[in-house]
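Fold and geometry: a report
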Amino acid sequence: MSKKQNGFTLVELSAVALPQYRKVVEKAHVSEAQAMLRTIYDSSERLAGEFGYRSYEELVDRKGQTGYSFARMDMFDSSSLPAGCSLVSSGTELQCKNFTYKASVYAGGVPYAAAKKRLSPYQNTLILFDRDTQQLYCQEASGSSDACDVFGLDTRSGVSF
């Protein structure tokens, strides 16, 4: 005579819980990127104002990004970089554990601050902060089809990082 078992096995619970856990972790990473993109936006706009420009895009258009990159922004000089981050590409990119950030990228004439996911899953997916509307968007990496849904963001395309 066999006993009837009630409940779920550990394998069954893992099959349900693990994907949900991964989604929560990825959403936390996006929240981290969102906070950093806001900081980048604010710091870059202050830098532009210091030089008498209305926006960071105007400053970069007139002076070039290399001389007015992260190293010149008040929140990102070499003495106050966020923990675990470093400046790369002549200071035009901020590389952290989960994302690499750029203060300004364009697509279709729209300026964005951008974060590129460095690790799997969803490696190379972009989180985009529209510098005009201050809204967040997502551009999936090739081969990825659900990153933007997991992140809970509308999609954009055509951004080169």
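Below is a summary of the structure that appears in this document. In this text the structure is predicted, and so the values were computed from the model without any measurement.

Rules used in this analysis
Residues numbered from 1 in each chain as written. Predicted model: local features only at pLDDT ≥ 70, side-chain atom pairs only at ≥ 80, totals over all residues. Heavy atoms only, no water. Core = buried A, V, L, I, M, F, W, Y, C linked by side-chain atoms within 4.5 Å. Buried < 20%, exposed > 50% of the residue type's maximum accessible area, 1.4 Å probe, protein only. Helix = DSSP H or I, 4+ residues; strand = E, 2+ residues; numbered from the N terminus. Contact = heavy atoms within 4.5 Å. Pairing = 2+ DSSP bridges. Axes fitted to C-alpha atoms, helices over the stretch in contact; angles between N-to-C directions.

**So, the nonpolar core**
For soluble globular proteins, the rule of thumb is that nonpolar side chains tend to be buried together. Counting residues in each nonpolar core, the largest one holds 34 residues, and the members touching the most others are Leu37, Phe70, Leu94, Tyr101, Ile127 and Phe151. Breaking this core down by element, the ones donating at least two residues are helix H1 (10-50), helix H2 (56-63), strand E3 (99-107), strand E4 (110-117), strand E5 (126-130), strand E6 (136-139) and helix H3 (147-151). For this core, the element with the highest residue contribution is H1, accounting for 8 residues. Apart from residues lying up to four places away in sequence, Leu94 is in contact with Met36, Phe70, Phe76, Leu81, Cys85, Ser86, Leu87, Phe99, Thr100 and Tyr101. The next biggest cluster of nonpolar side chains, apart from the first, holds 8 residues, and it includes Val105, Leu126, Leu128 and Tyr137.

**Brief notes about the sheet that holds E5**
The 6 strands are arranged E1-E2-E3-E4-E5-E6 in an open sheet whose pairing can be described as antiparallel. With partners counted over all chains shown, the strands left at the sheet margins are strand E1 (86-88) and E6, one partner each. Ignoring strand direction, the axes of neighbouring strands in this sheet form an average angle of 30°. Here strand E2 (residues 93-95) runs beside E3; their pairing, made up of 3 bridges, is antiparallel. The residue of E3 that forms the bridge with Gln95 is Thr100. With respect to the sheet, H2 is in contact with E3 and E4, its orientation differing from that of E3 by roughly 80°.

**A word on the environment of Ile40**
Mapping Ile40 onto the fold places it in helix H1. On the basis of relative accessibility, which here comes to 0%, the residue Ile40 falls in the buried class. The sequence separation of Ile40 and Tyr68 amounts to 28 residues, and the corresponding C-alpha distance is 13 Å. In this structure Ile40 touches Phe70, Met73, Phe76, Tyr101 and Ala103, once residues within four positions along its chain are discounted.

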